[in-house]
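Structural features, examined
Spelled out from the first residue to the last, the chains are:
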Protein chains: 4
Amino acid sequence: MAGNTIGEVFKVTTFGESHGLGLGCIIDGCPPGLEIDEAIIQVDLDRRKPGTSRFTTQRREADEVKILSGVFEGKTTGTSIGLVIENTDQRSKDYSDIKDKFRPGHADYTYHHKYGNRDYRGGGRSSARETAMRVAAGSFAKAWLKNKLGLEIFGYMSQLGPIAIETVDTSIIESNPFFCPDANAIEKWDEYMRDLKKQGDSVGAKITVVAKNVPVGLGEPVFDRLDADIAKALMGINAVKGVEIGDGFDVVEQNGSQHRDELTPEGFKSNHAGGILGGISSGQDIVAHIALKPTSSISVEGETIDVNGQSQTLITKGRHDPCVGIRAVPIAEAMLAITLMDHFLRNRAQNADVVVDTPVIPASK
Amino acid sequence: MAGNTIGEVFKVTTFGESHGLGLGCIIDGCPPGLEIDEAIIQVDLDRRKPGTSRFTTQRREADEVKILSGVFEGKTTGTSIGLVIENTDQRSKDYSDIKDKFRPGHADYTYHHKYGNRDYRGGGRSSARETAMRVAAGSFAKAWLKNKLGLEIFGYMSQLGPIAIETVDTSIIESNPFFCPDANAIEKWDEYMRDLKKQGDSVGAKITVVAKNVPVGLGEPVFDRLDADIAKALMGINAVKGVEIGDGFDVVEQNGSQHRDELTPEGFKSNHAGGILGGISSGQDIVAHIALKPTSSISVEGETIDVNGQSQTLITKGRHDPCVGIRAVPIAEAMLAITLMDHFLRNRAQNADVVVDTPVIPASK
Amino acid sequence: MAGNTIGEVFKVTTFGESHGLGLGCIIDGCPPGLEIDEAIIQVDLDRRKPGTSRFTTQRREADEVKILSGVFEGKTTGTSIGLVIENTDQRSKDYSDIKDKFRPGHADYTYHHKYGNRDYRGGGRSSARETAMRVAAGSFAKAWLKNKLGLEIFGYMSQLGPIAIETVDTSIIESNPFFCPDANAIEKWDEYMRDLKKQGDSVGAKITVVAKNVPVGLGEPVFDRLDADIAKALMGINAVKGVEIGDGFDVVEQNGSQHRDELTPEGFKSNHAGGILGGISSGQDIVAHIALKPTSSISVEGETIDVNGQSQTLITKGRHDPCVGIRAVPIAEAMLAITLMDHFLRNRAQNADVVVDTPVIPASK
Amino acid sequence: MAGNTIGEVFKVTTFGESHGLGLGCIIDGCPPGLEIDEAIIQVDLDRRKPGTSRFTTQRREADEVKILSGVFEGKTTGTSIGLVIENTDQRSKDYSDIKDKFRPGHADYTYHHKYGNRDYRGGGRSSARETAMRVAAGSFAKAWLKNKLGLEIFGYMSQLGPIAIETVDTSIIESNPFFCPDANAIEKWDEYMRDLKKQGDSVGAKITVVAKNVPVGLGEPVFDRLDADIAKALMGINAVKGVEIGDGFDVVEQNGSQHRDELTPEGFKSNHAGGILGGISSGQDIVAHIALKPTSSISVEGETIDVNGQSQTLITKGRHDPCVGIRAVPIAEAMLAITLMDHFLRNRAQNADVVVDTPVIPASK
């Protein structure tokens, strides 16, 4: 009901505010026997961590995760897993400016009216800091999918403001601060971001996530289709305003003869569908794109109102990402991993007995 | 698990195959006291019904809904509501051609591998016919939201293939076969579709749905955000490949100073957010766009394989929509209605006691 | 939320009032490939059907079930299964007497205050007639558990009013109108019931249900323990006021040295636990007992109030069971079957990979 | 799926093993504005805490709870609440004796076969220590129900082994180590327990829990009836083998004329039903009884097998409760509180608009 849980079998429930004592989550439903430890999780957390480049917030959090339960002698036990990250960088700060004003573009106004009682420090529960626990939980899913199925998930930034990538070289994604797969784009983005920072403004971004070696058969029509649940998981990331599967909005102008992915004994001839047909994975790569809005915390003055309905102006000070899209790559990967993991387990609950004589065709793309 | 249910409080579960005995659904959690009867539902069903224009499938179904329970003396009782539509147009047809071949672009291949046991007649459960029950359930949600909150939902086709609308005149939407709000576009679309039909091909479309008079506070962060659940509901419609909230993918190129919707005592100055901030409704119009792929049932020959993995070719005969987007308008409205209804009830479960002193600002756009 | 669904993987949702147009249910999550047809279901429905002995209500319902979807060519397809039973015996009856009076011991008072809007005809949704759909859904679970696991479920009446059974001979259960496993008790019960009928009164009963060949490992601690979910499923049957697993309330006076079931290489030495340890099935027989209250529909006059709060008296006329326990046997079996089926599927979702070297010991009792 | 969550609106998810780093839980769905702090929770935790009398385990845990999130400036915010208790008394102990042997009457055998991978230290997840978090979560529910509705919950031990209470004086419950409401029974129980301790054996118990001032209308038929969910919540407590609502198993021998609670304008004339009719609260006191088995950790030698299936004997050493029923009183209260809280919120989700003209009659008992 209150929506802090995602997944039905592999269930992740999170808690924690930006400037409270700590963040945490419970993973319930992780299969037993998965080899995991804090070090594996930390790798993903560090990829999301603020302060790794000059274009991400300079707030410094150790983001050190502790496993409190559910892992014994280096393996998951099948019981519920408790994870906690203490908040260490809670500078005693003056929040009087934003305590009673609604920052435009933020969740202040809506949280205030929904709950009546808001932790205004750094956005409270609506802060992007909350996504640290999604990344931690995603590490369990990624590790299991990799170990068990050879399934690989990766993401990259495919457009920053007006500048899109032109090629995808996955080998360079992790070696630049933008998760950029196009060597030419890196420089352009760097320059663009410098200018933007001078203006005190921010910009949107487009992120692409891909899953390879996905088994055929994941997804539960008619409502919990795999694409529907991926859309939910990705749209649920802070700042996301659009989700595409495969060709996405390009399909509007396509003809049927052009869009449908024909089949041959050697595999599909194309992958316009993005790996999902009728809401069920086809074995091809799952490809999704998301649009992230520019962060609203900028040093350009804006109009707003206060809790008494009076007109006010506001400049957001402090350490903020000029492009929230950058740090969203590990989050999007985590959400995709959690969704695929959950659907794999859901599918085997009902369909573990299915024996299909037909050969599964190789997924050519 | 098996995903034939949507909603947590206002829960809709559907059943039924294209060419089985009938379709049906159970609505569980509808508040008591709603005045409703078959005639009200039929209005929406007739809007979705095939055969209403020459550009939709000529299959003729009466689509006559029967309320079996949960409504007594013209009002809902609060108990579970059973709805059934009998399938009347089950022509005894020769399915031998598609029984063993996987139609490209369809769910045949994925259903076959997931379940091992497929009702191949007319797509079985993956047929768009299944959406009739969504529309029927949506009628309950629309009626309740309208009666109780004055909330209005409408949708229209905003682009057909390469031709987008240029204006929105809501008064003409229901008086043309395209749910088109732009008088100029109607003619162009009509001509475009004639040509397409001659070629035996199909085309994609873009649909827009809008909700007006939405209360502030709907949406359950951090996972069941209102935008996340709308994305799921809309991506779960057959053929949908992309979902946008508000400015959608346009945000990629926007700056923060441009995107954030500033607040004044008279209301928000813009609605780039599409009525949702931090995953919670802001009181502004909720605006969503979806991309629908061209139907894969076309008379242009395509390559495929059969259940033995052998190469085959296929032409889809029969009565098919050259643009599935057209009939998708009432379905998208229904999915939005079900989602908003569910979130209204979810919100009051937890937050019915919230008293906010701050005046809710008028939603200017 | 509104609670007309049971199960998480094998999900059963029901609708239907006693005197409405019909009853129905959707089974979502039934594995594909199960051979089933209306005839198999009808066997169980006929065991529950009223009118089979002079001690059950003489209302005559054909209770003929129709499968509308989810079964194709004699096998389940894995998609949602729609079942409907039309109400045929809706005598046009005068309900003016109970329309405005709350029958004591019935749900009239509580439904009235909860929903404000009550179908008073024959108890509406609170009627025992609703359980027909549970029995129908249970048939699918029983068939699957039997075919797949060799698991057998049976039940019997173990006490009628003051007279308890003394032996259990399962071979005679189905050949007497009481589901009685003790030949000596049958006669006594028959005589006791004749007397009771003359007095126009009713009496309580105790029912026992047993599952044999249950796999080790079913149950999801700490809240969805198998015993907890069985307790819920059985307490949710109309008129049930108590549930016991294994020795039940006898454990209050037992010592630990007496209660604990010791293990030997040949199996457990006893089964005080009723087949469940720590909320998880042990492989021994699952044994549960339930207490059913005497029906409140009796021809002995009682005090009550009407909807205006005025004092009234009431005699319930009509066709009523003097001992609702009798017909509860197939219902209790169905609820146990649904629960075990659901937990089997739930367990394999998470734990399908578990390989245990230890031999599973034979369940001696 | 994995069942570490209870509740649908007021959702409690727990984690933690007996001898891991800590226990914790997330409460999701608690309404905002509830005044709460660690001190309030600690009162309940201390009532459950081991070591408070010589008849409970002498293991000493501070059981000090920390609120990590969801409470701001002394009030709940409506976001998810994170609670943690560190395990401080993790004596480095020699577990070699029970590591490979299955303690009879314990969950060792079933956890081993279900998960394949067991934290054997002190029972791991199956330890009664896990219930500390249920008590902590229950404090939130109790506080809210009390503040908002004036609803009161209390429990007591009604039978210890063969010795039942004869009167109920609620004023003395908290002033004796047995939660005993009968001054005469205290002495007898004390003597009985001394003897039992000498023998190294244990004994069962019966606990009664009561809720007063319950609103009419809680419970969601037909499956999530209030009695069904109470049965699940109580049967889900470690060692519980039976649950009764109202007269429970006594109804088997009752006549309808005796059992049904007649209504008068002044209220119900009796409360055989235990406050629930048709699965919905009637406004009368809710009364439930549970049977707890004797703990299986006793110093009387028992037969068992090891993980290789070999015959073994075992004596459980260490600090164990000779009667687990004693400490179960606060746990049972917590489970009842969580269930009622959840159902109150569930009911208002669907039925908040219900206006009933009929006066709610005073609940005389």
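Remember, it's a predicted structure, so these values are computed and weren't measured experimentally. (Residues numbered from 1 in each chain as written. Chains lettered and ligands numbered in written order. Predicted model: local features only at pLDDT ≥ 70, side-chain atom pairs only at ≥ 80, totals over all residues. Heavy atoms only, no water.)

Cross-referencing UniProt, the feature "binding site: FMN" (unreviewed entry) maps to Arg125(A), Ser126(A), Ser127(A), Asn238(A), Ala239(A), Gly278(A), Lys293(A), Pro294(A), Thr295(A), Ser296(A), Ser297(A) and Arg319(A) in the present numbering. Among the structural elements, Asn238(A) can be located in the loop between α6 (226-235) and β11 (240-245). In this structure Asn238(A) comes out as buried when scored by relative accessible area, which is 17%. Sequence-distant contacts of Asn238(A), that is, excluding residues within four places in its chain, are made with Ser126(A), Ser127(A), Ala128(A), Glu130(A), Thr131(A), Arg134(A), Leu292(A) and Arg225(B). Within the structure, Asn238(A) has its side chain in polar contact with the backbone oxygen of Ser126(A) (distance 3.2 Å). For Pro294(A), the position within the fold is in the loop between β16 (286-292) and β17 (302-305). Look at Pro294(A) and you get buried, because its relative accessible area is 0%. (UniProt positions renumbered as here; feature names shortened; annotations may be inferred. Helix = DSSP H or I, 4+ residues; strand = E, 2+ residues; numbered from the N terminus. Buried < 20%, exposed > 50% of the residue type's maximum accessible area, 1.4 Å probe, protein only. Contact = heavy atoms within 4.5 Å. Polar contact = N/O pair within 3.5 Å; in protein donor to acceptor, adjacent residues only side chain to side chain.)

Moving on to the relation of the copies chain D and chain C. Note on the chain copies: they are related by a rotation about an axis and a translation along it. Once turned by 180 degrees and shifted 0.0 Å along the axis, chain D lies on chain C with an RMSD of 0.0 Å. In symmetry terms, the pair is related by a two-fold rotation axis. In terms of C-alpha distance to the rotation axis, chain D has Lys232(D) as its closest residue, with the C-alpha 2.4 Å off the axis. When the interface residues of chain D are mapped onto chain C, 100% of them are again interface residues, pointing to one common binding face. (Least-squares fit on C-alpha atoms with pLDDT ≥ 70 in both.)

This part is about the pattern of salt bridges. Per the counting criterion, the structure on display carries 109 salt bridges over all chains. Here Asp108(A) and Arg118(A) are joined by a salt bridge, their closest N and O atoms 3.5 Å apart. Here Arg118(A) lies in the loop between α3 (108-115) and α4 (131-149) and Asp108(A) lies in helix α3, a separation of ten residues in the sequence. In this structure, Asp108(A) and Arg118(A) share a single accessibility class: buried. The residue Arg48(D) makes a salt bridge to Asp63(D) at a minimum N-O spacing of 3.4 Å. Residue Arg48(D) is found in helix α1 (residues 38-48), and its partner Asp63(D) is found in the loop between α1 and β4 (65-69); the two are separated by 15 residues along the sequence. (Salt bridge = Lys/Arg side-chain N within 4 Å of Asp/Glu carboxyl O.)

Right, let's talk about the nonpolar core for a bit. Membership of the largest hydrophobic core comes to 339 residues, with the highest contact counts inside it found for Phe140(A), Phe140(B), Phe140(C) and Phe140(D). Setting aside residues up to four positions removed in sequence, Phe140(B) forms contacts with Phe10(B), Ile27(B), Cys30(B), Leu34(B), Ile36(B), Ile41(B), Ile67(B), Val71(B), Thr76(B), Ile81(B) and Leu83(B). (Core = buried A, V, L, I, M, F, W, Y, C linked by side-chain atoms within 4.5 Å.)

A word on the packing of helix α8 (residues 325-351) of chain B against helix α8 (residues 325-351) of chain D. At a minimum axis separation of 8 Å, α8(B) and α8(D) run at an interaxial angle of 140 degrees. Here α8(B) is positioned oblique relative to α8(D), judged by the angle of their axes. Between α8(B) and α8(D) the crossing geometry is right-handed. Only Leu345(D), Arg348(D), Ala349(D), Gln350(D) and Asn351(D) of α8(D) make contact with α8(B), whose side of the interface consists of Leu345(B), Arg348(B), Ala349(B), Gln350(B) and Asn351(B). The class makeup of the residues in the contact of α8(B) with α8(D) is four nonpolar, four polar and two charged. (Axes fitted to C-alpha atoms, helices over the stretch in contact; angles between N-to-C directions. Parallel < 35°, antiparallel > 145°, perpendicular 65-115°, else oblique. Left-handed = near helix turned anticlockwise from the far one by under 90°. Nonpolar A, V, L, I, M, F, W, Y, C, P; charged D, E, K, R; others polar.)

Another aspect to go through is α8(D). Residue and element names in this part refer to chain D. With 27 residues, α8 extends 37 Å between its outermost C-alpha atoms, agreeing within 8% with the 39 Å of an ideal straight helix rising 1.5 Å per residue. In α8, a bend of some 25 degrees at Ile 331 exceeds every other bend along the element. Along α8, 27 of the 27 residues are buried, which leaves the element largely enclosed by surrounding structure. (Expected span 1.5 Å × (residues − 1). Bend = angle between axes of the 7 residues up to and from the residue.)

This paragraph deals with the interface of chain D and chain C. The interface of chain D with chain C comprises 122 residues on the first partner and 122 residues on the second. Regarding the contact of chain D and chain C, the summed buried area is about 9500 Å², with carbon and sulfur atoms giving 60% of it. The interface formed by chain D and chain C contains eight salt bridges. Notably, a salt bridge pairs Glu303(C) with Lys269(D), separated by 2.4 Å at the nearest N-O pair. Between chain D and chain C we count 61 residue pairs in polar contact (both at pLDDT 80 or more) in total. (Buried area = accessible area lost by both parts, 1.4 Å probe.)

So, on to the confidence of the model for chain A. Of all residues in chain A, 94% have pLDDT values of 70 or greater, and the mean over the chain is 93. Per the prediction output, this complex has pTM 0.97; the corresponding ipTM is 0.97. (pLDDT = per-residue confidence, 0-100.)

The subject of this paragraph is the interface of chain A and chain C. Taken residue by residue, the interface counts 17 residues in chain A and 17 residues in chain C. The contact between chain A and chain C buries some 1300 Å² in all, and 46% of this surface belongs to carbon and sulfur atoms. For the interface between chain A and chain C, the tally reads four salt bridges. Two residues, Lys148(C) and Asp353(A), come together in a salt bridge whose shortest N-O distance is 2.5 Å. There are 13 residue pairs in polar contact (both at pLDDT 80 or more) connecting chain A and chain C. Looking at the side of chain A that touches chain C, the elements with two or more residues in it are α4 and α8 (325-351) of chain A. For the side of chain A that touches chain C, the element with the most residues is α8(A), which contributes five residues. Counted by class, the side of chain A that touches chain C contains ten nonpolar, four polar and three charged residues.

The next subject is the packing of α1(D) against helix α4 (residues 131-149) of chain D. Residues and elements named next belong to chain D. Closest axis-to-axis distance for the α1/α4 pair is 9 Å, and the angle between their directions is 140 degrees. With respect to α4, the element α1 is oriented oblique. Here the hand of the crossing between α1 and α4 comes out right-handed. Here α1 contributes Ile 40, Ile 41, Asp 44, Leu 45, Arg 47 and Arg 48 to the contact with α4, which in turn contributes Thr 131, Ala 132, Val 135, Ala 136, Ser 139, Phe 140 and Lys 142. The residue makeup of the contact of α1 with α4, split by class, is seven nonpolar, two polar and four charged.

In this section: helix α6 (residues 226-235) of chain C. One turn of an α-helix holds 3.6 residues; hence residues three or four places apart share an orientation. Most of α6(C) sits out of view: ten of its ten residues are buried. Along α6(C), the residues that are buried comprise Leu226(C), Asp227(C), Ala228(C), Asp229(C), Ile230(C), Ala231(C), Lys232(C), Ala233(C), Leu234(C) and Met235(C).

What follows concerns the relation of the copies chain A and chain C. Superposition of chain A onto chain C requires a rotation of 180 degrees combined with a translation of 0.0 Å along the rotation axis, giving an RMSD of 0.0 Å. A share of 100% of the interface residues of chain A reappears at the interface of chain C, consistent with the copies meeting face to face through the same patch.

The next point concerns the environment of Glu303(D). Relative to the assigned elements, Glu303(D) resides in strand β17 (residues 302-305). In this structure Glu303(D) comes out as partly exposed when scored by relative accessible area, which is 27%. In the structure, Glu303(D) is positioned twelve residues away from Ile315(D) in sequence and 9.2 Å away in space, judged by C-alpha atoms. Not counting chain neighbours up to four residues away, the residues in contact with Glu303(D) comprise Glu262(C), Leu263(C), Thr264(C), Lys269(C), Pro104(D) and Gln312(D). Side-chain polar atoms of Glu303(D) contact the side chain of Lys269(C), separated by 2.4 Å.

With that out of the way, let us pick up the sheet that holds strand β8 (residues 152-160) of chain D. Taken together, the ten strands give an open sheet; going across it, the order is β9(C)-β8(C)-β10(C)-β16(C)-β11(C)-β11(D)-β16(D)-β10(D)-β8(D)-β9(D), and neighbouring strands pair in antiparallel fashion. The two strands at the open ends of the sheet, each matched to only one other strand, are β9 (163-164) of chain C together with β9 (163-164) of chain D. Bridging between strand β8 (residues 152-160) of chain C and β9(C) involves two bridges; their strand directions are antiparallel. In the sheet register, Gln159(C) faces β9(C), and the bridge partner there is Ala164(C). Of the strands in this sheet, β8, β10 (205-212) and β16 (286-292) of chain C touch helix α8 (residues 325-351) of chain C, which is tilted by about 145 degrees from β8(C). (Pairing = 2+ DSSP bridges.)

Let us now look at the environment of Asp306(C). When you line up the elements, Asp306(C) lands in the loop between β17 (302-305) and β18 (311-314). Sequence separation between Asp306(C) and Tyr109(C) is 197 residues, and the spatial gap between their C-alpha atoms is 9.2 Å. Ignoring sequence-local partners within four residues, the contact set of Asp306(C) consists of Asp100(C), Lys101(C), Phe102(C), Gln312(C) and Thr358(D). A polar contact is formed between the side chain of Asp306(C) and the backbone nitrogen of Asn308(C), at a distance of 2.9 Å.

Moving on, we get to the packing of aromatic side chains. Applying the stated criterion across every chain yields a total of 30 aromatic pairs over all chains. For the ring pair Phe72(A) and Tyr120(D), a centre distance of 5.3 Å and an interplane angle of 85 degrees mean the geometry is edge-to-face. Of this pair, Phe72(A) sits in strand β5 (residues 71-72) while Tyr120(D) sits in the loop between α3 (108-115) and α4, placing the two residues on different chains. A relative accessible area of 7% places Phe72(A) in the buried class. Since its relative accessible area comes to 13%, Tyr120(D) is described here as buried. Taking the centre distance of 5.8 Å and the plane angle of 85 degrees together, the rings of Phe178(A) and Trp189(A) count as edge-to-face. In this pair, Phe178(A) is assigned in the loop between β9 (163-164) and α5 (183-199) and Trp189(A) in helix α5, connecting sequence segments eleven residues apart. There is no split in this pair, since Phe178(A) and Trp189(A) are both buried. (Phe/Tyr/Trp six-rings, centres within 6.5 Å; stacked < 30°, edge-to-face > 60°.)

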